[in-house]
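# Geometric and topological summary
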Amino acid sequence: KNEVEQSPQNLTAQEGEFITINCSYSVGISALHWLQQHPGGGIVSLFMLSSGKKKHGRLIATINIQEKHSSLHITASHPRDSAVYICAGDVPRSQGNLIFGKGTKLSVKP
Amino acid sequence: EAGVTQSPTHLIKTRGQQVTLRCSPISGHTSVYWYQQALGLGLQFLLWYDEGEERNRGNFPPRFSGRQFPNYSSELNVNALELEDSALYLCASSYDRGLNTIYFGEGSWLTVV
């Protein structure tokens, strides 16, 4: 069992739909990162969370430390949101060693 | 401001050869991280350099090595290439050691034939 699990693996949505991607982890972490990877390979860091909730534009990320669970929500989804979304746990004193989930491939159809 | 830049973007090597990948961090960032993303395996941590020193390495054999230069740019070297080394190699940088703000490059796609 992976230490960081994401669901679903693949997600297809219609433009405008509300999207939720889930991330559960079994290790103690000091923070959780949400990353976005486009088909070309480049990665953009969306959020880093250690508690509560963060919002940036149409993206919202939440984390529940007690339940070891985080969610990434996309409101009013758009085809340009199509990408792979990856969550990664930052273990205390990890020294760069993020533990990555396998990613959720999102496709938003117009 | 320029982001994290990596070179080359794509390359093909033969098994047994050696390869050097390069990374320039964002100006002012002293920490550089290397990650490997092999097909179907997800991202895995390779190496962390900070202030010119190797601070941590992931579970990879010694033929994966690197260094960080005084200007904080970094190289990743892979010797005796194996077919399984075919992957996207991503470099990231941050201005502190806590990964509070991490920026990734576009990656170097390595194919070993």
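In case you missed it, the structure is sitting above this.
Figured I'd write up the structure that's included with this text. (Residues numbered from 1 in each chain as written. Chains lettered and ligands numbered in written order. Predicted model: local features only at pLDDT ≥ 70, side-chain atom pairs only at ≥ 80, totals over all residues. Heavy atoms only, no water.)

Once that is clear, we can look at the sheet that holds strand β7 (residues 64-68) of chain B. All names here are of chain B. Spatial strand order, β1-β3-β8-β7: four strands in an open sheet with antiparallel pairing. This sheet does not close on itself; its edge strands, each paired only once, are β1 (5-7) and β7. Looking at each pair of strands side by side, their axes are set apart by 15 degrees on average, direction ignored. (Pairing = 2+ DSSP bridges. Helix = DSSP H or I, 4+ residues; strand = E, 2+ residues; numbered from the N terminus. Axes fitted to C-alpha atoms, helices over the stretch in contact; angles between N-to-C directions.)

The bulk of non-glycine residues show a negative phi, and the bulk of peptide bonds are trans. Residue Pro8 of chain A follows Ser7 of chain A across a cis peptide bond; omega there is -10 degrees. Looking at the secondary structure, you find Pro8 of chain A in the loop between β1 (4-7) and β2 (10-14). The peptide bond linking Ser7 of chain B to Pro8 of chain B adopts the cis configuration, its omega dihedral lying at -10 degrees. Residues other than glycine seldom take positive phi values, yet Lys68 of chain A does so here, at roughly 55 degrees. In this structure, Lys68 of chain A sits in the loop between β7 (59-64) and β8 (69-74). Given the relative accessible area of 31%, Lys68 of chain A is considered partly exposed. Here Glu51 of chain B, not a glycine, exhibits a phi torsion of approximately 50 degrees, which is positive. (Buried < 20%, exposed > 50% of the residue type's maximum accessible area, 1.4 Å probe, protein only.)

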